[in-house]
Amino acid sequence: MYSSLVRIQNTFGFFTTVAFVVAALIAASDFVTPRAPVVNVLKTTNLQVVRGRPHYYSSKKEEYAIIKFTLDADLSSLFTWNTKQLFVYITAEWPSTSVSGTTLPSNATSNQAVIWDTIVTSPSADHLANIGPIALKKLRKSAAGKPIDPSRGKITLKNQRPKYQITHPSGKIAETEDVTLRLHYNVQPWVGVLTWNQNADYGLWKQLSGGLSKKFSLPSLKKKDEGKKAKARGILVS
Amino acid sequence: MLSGLANPRQAAAQLMNFGLIVSTAFMMWKGLSVITDSPSPIVVVLSGSMEPAFQRGDLLFLWNRNILSETSVGEIVVYNVKDKDIPIVHRVVRKFGIGPKAKLLTKGDNNLSDDTELYARGQDYLVRKDIIGSVVGFIPFVGYVTIMLSEHPWLKPVMLGMMGLVVVLQRE
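The rules behind the values
- For every chain, the first residue of the written sequence is number 1, and numbering continues from 1 along that sequence.
- Written order determines the labels here, with chains lettered from A and ligands numbered from 1.
- Since the coordinates come from a predicted model, pLDDT governs what is reported: local features require at least 70, and pairs of side-chain atoms require 80 or more to be given and counted, while whole-chain, interface and lining totals use all residues.
- Heavy atoms from the whole structure form the basis of all side-chain values; hydrogens and water molecules are not counted.
- Grouping buried Ala, Val, Leu, Ile, Met, Phe, Trp, Tyr and Cys residues that are joined through side-chain atoms within 4.5 Å yields what is termed a nonpolar core.
- For each residue, the accessible area found with a 1.4 Å probe, counting protein chains only, is set against the maximum for its type, and the residue is called buried under 20%, exposed over 50%, and partly exposed in between.
- Secondary structure elements follow DSSP: runs of H or I of four or more residues count as helices, runs of E of two or more count as strands, with numbering from the N terminus.
- Contacts are residue-level and defined by heavy atoms, with any inter-residue pair within 4.5 Å sufficient.
- UniProt positions are given in the numbering used here, feature names are shortened, and annotations may be inferred rather than shown by experiment.
- Identification of polar contacts relies on pairs of N or O atoms within 3.5 Å, with a donor-acceptor requirement for protein atoms, meaning one able to donate a hydrogen and the other able to accept it, and with residues adjacent in sequence counted only if both atoms are side-chain atoms.
- Aromatic pairs are defined between Phe, Tyr and Trp rings, using the six-membered ring for Trp, whenever the two ring centres lie within 6.5 Å; interplanar angles under 30 degrees are classed as stacked, those over 60 as edge-to-face, and all others as tilted.

Bringing the nonpolar core into the picture now. Formed by 51 residues in total, the largest nonpolar core has its most connected members in L71, L75 and L183 of chain A. Counting residues per element, this core draws most heavily on strand β3 (residues 83-94) of chain A, at seven residues. Not counting residues within four places of it along the chain, the set of residues in contact with L183 of chain A comprises V39, L42, L71, A73, L75, V88, Y89, I90, N197, L208 and G211 of chain A. Core analysis: the second largest hydrophobic core is formed by 14 residues, V43, A53, I132 and V135 of chain B among them.

On to the UniProt feature "transmembrane region" (unreviewed entry) in chain B, then. Feature annotation in UniProt places "transmembrane region" (unreviewed entry) on residues 131-148 of chain B, given in this structure's numbering. Across residues 131-148 of chain B one finds 28% helix and 50% strand; the C-alpha atoms that close the span lie 26 Å apart.

Counting through the fold element by element, Q112 of chain A comes out in strand β6 (residues 111-121). By relative accessible area, which is 11% here, Q112 of chain A ends up buried. A distance of 3.1 Å separates polar atoms of two side chains, one belonging to Q112 of chain A and the other to E93 of chain A. The contacts of Q112 of chain A, once residues within four sequence positions are left out, are A92 and E93 of chain A together with S72, V73, V93, R94 and K95 of chain B.

Residue and element names in this part refer to chain A. Throughout the structure, instances matching the rule amount to six aromatic pairs over all chains. Here F31 and W205 contribute two aromatic rings whose centre-to-centre distance is 5.6 Å and whose plane-to-plane angle is 25 degrees, an arrangement assigned as stacked. Residue F31 is located in the loop between α1 (4-29) and β1 (38-52), and its partner W205 is located in the loop between β10 (195-196) and β11 (215-217); the two are separated by 174 residues in the primary sequence. Here F31 falls in the partly exposed class, since its relative accessible area comes to 48%.

Structure follows, in C-alpha cells:
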C-alpha cells in the first residue's frame, strides 16, 4: 500500500484535482468582473458596388460591395487576467423581403456578412500571435511589461478599407436597402467559457452601448463610362 | 504475477470490474453526446487555422442545440466536409437566410481566405446540419496526447503495454 507507484498515483490524482478546481475558479472569476464596452462612432464613409471576381479563385463574376467605415470603440473593460484575446468584427446586415417564397417581417435581419475583423491579443498571449519577430517585439513593448493591458481595447479607425468584399448567394447586391453595420466582439479566455456581445445586461456585464450604424442603402453598380466621378455615396435612411 | 489467473473467481471479478469501468466511460460519453445533441461533444484542435485563439492540442467543448437563438455569424463551429471525416473548427463569417436552410460560410481566423475551397465540389455554402456543434468552452493543451497518438501510431501499443504491465505488476 505504500509502494512508490501508489504514491505517484496519489500525487498525480491530487494534482489533477487541484488543477481542475483552480481552472473552475478562474473561469468563474470571469462572471464577477464587470464589463462595460462602449462604441462611440460607427458609420460608413464610402460605399461601392462592383461587378467582378471578388477573390482571385472565384470562378464567376458577381456583384460585390466594398463598405469603408469609421470606428471609435472602447472595449478595454473586456480585458481581464483571464482574457487571452479579443476578436472584434463588424458585420453588414440587411433583411430579405422574401426568403424562398414566404415574406418575412421587415425587422428580420436575414443576411449577415463580416466585412472586417481583428484579433487583439492580451500581453499574456502575445507569444501566440502569428506575427513576425519585429512586430512581436513592438507589440510586447507596447504593453511595457504590464500583465494585462486594457488600453489595447481602444480601437480607432478612420475611413478603414474593409477586409472582405461581400456578395450575396444570388450574385446581386447592388441597391440593397436597409443595410446596417454592427460591431460584435468575442472574448476568448485562457480557461473557461467563450462569450460574445450580449443583447441585454446580465448581472455585472453590461450590453454593448452603441455599435449599430444608421441604415444605408448600397449604391447601384459603378458604370464604366461615367469614369472616376462614379463614386456612389450611401443614402442615410433615418 | 500469476496469482490472479490461479484463482478463476478473482480473475472473473477483475474482468467484470474492467468491463464495468469501460461501459461506464462509454455511457458517460454517449450521455454527453445526447445532452449536447452532437455526435462528438469534445474535440481536439488539429490545425493552426484558428490561432492564436486555439492552438494544436486544445480540447474544445461543443454544444449543438439552438435553444435561445440560431447559429449566427461570429460563432466558432465545428463541421465535417461532406463525405470526409475530418472535423474543422472555424468561425462563421456569413449567413444568408434563416432557419435550417440558411447558407453559412466559414473561415479560420488565421487563414487569409474563407473556406469555399475546403467545401465539397459544387458546394458554396454550409447548412445547419453540416455543423456538429458550436464551441462554448475549452481547456488548453490537454488534448495533445490524442494528437501524439494519431501521429505516432507506434505509441498506442507501447502505452497500452505499459498500462497493462503496471496493472499486472500491481497485483503482487
